[in-house]
Amino acid sequence: MNGGAHNAGFITYVAILTMSLLLLLAFMGLRISQICESNAVDELHLEEAHYAAQRGAHWFVGYCKAGNTWDFHQKLIVSDEGDVEITIEPDRSTDNPRHVMSYGKLKNREIVSRVHMYVTVDQDKHMHVVKVKPY
């Protein structure tokens, strides 16, 4: 009888150890899935900001093609709706072509993405976008 009690105690010990390991694995899996979800949500917000910056760049190309002018001193506000603000801002440099950036800002998340553009200005003050870098 003494051997049977010893085996029962050992089986209980193995069961507790096995259940503890399974619980640890479950918590590790939960934590990994939370990290993956957080990374996916962050990536989606970054994509949203980049899409907004691209929208601003497309708007600015159309703005230039329509023959509009700009003095490169003030930022242009393309859109300021709810959570997203899209602006066109010049670089301080006066090189030709001028360096201009389209910013897509998610206000609540403090995430900003930008698209770089290079603009030439001819003698008639017409602007021409010569290059767009989407990063």
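Residues numbered from 1 in each chain as written. Predicted model: local features only at pLDDT ≥ 70, side-chain atom pairs only at ≥ 80, totals over all residues. Heavy atoms only, no water.

S.K.: What am I meant to see in the packing of aromatic side chains here?
M.R.: Each pair of aromatic rings is reported with the distance of its centres and the angle of its planes. Tallied over the entire structure, the rule returns four aromatic pairs. Both rings, one in Phe60 and one in Trp70, keep their centres 5.7 Å apart while their planes meet at 75°; by these two values the pair is edge-to-face. In this pair, Phe60 sits in helix H1 (residues 2-65) while Trp70 sits in the loop between H1 and strand E1 (76-81), placing the two residues ten residues apart along the sequence. Accessibility classification places Phe60 together with Trp70 in one group, the buried group. Taken together, Trp59, Phe60, Tyr63, Trp70 and Phe72 form an aromatic cluster joined through their ring pairs. (Phe/Tyr/Trp six-rings, centres within 6.5 Å; stacked < 30°, edge-to-face > 60°. Helix = DSSP H or I, 4+ residues; strand = E, 2+ residues; numbered from the N terminus. Buried < 20%, exposed > 50% of the residue type's maximum accessible area, 1.4 Å probe, protein only.)

S.K.: Explanation requested: unusual backbone geometry in the structure shown.
M.R.: Where the residue is not glycine, phi is negative for most of them; where a peptide bond is considered, it is trans in most cases. Across the junction of Asn96 and Pro97, the peptide omega takes the value 10°, indicating a cis bond. Looking at the element boundaries, Pro97 is found in the loop between strand E2 (84-90) and strand E3 (98-106). The residue Phe72 is not glycine, and still its phi comes out positive at about 65°. Within the secondary structure layout, Phe72 lies in the loop between H1 and E1. You will see that Lys125, though not glycine, has its phi angle at about 70°, which is positive. Within the fold, Lys125 resides in the loop between strand E4 (111-121) and strand E5 (127-133). The class for Lys125 is exposed, based on a relative accessible area of 56%.

S.K.: Hey, could you run me through the confidence of the model for the protein chain in this one?
M.R.: As a general rule, the predicted coordinates of low-pLDDT regions are not to be interpreted in detail. With 96% of its residues at a pLDDT of at least 70, the protein chain reaches an overall mean of 90. Across the protein chain, E2 holds the top mean pLDDT of 95, while H1 sits lowest at 90. (pLDDT = per-residue confidence, 0-100.)

S.K.: So what exactly am I meant to see when it comes to the side chain of His116 here?
M.R.: Mapped onto the elements, His116 comes out in strand E4. Relative accessible area serves as the criterion here: at 13%, His116 is assigned to the buried category. Polar contacts involving the side chain of His116 include one to the side chain of Arg114, which spans 3.3 Å. Setting aside anything within four residues of it in sequence, one finds His116 in contact with His99, Val100, Met101, Lys131, Val132, Lys133 and Tyr135. (Polar contact = N/O pair within 3.5 Å; in protein donor to acceptor, adjacent residues only side chain to side chain. Contact = heavy atoms within 4.5 Å.)

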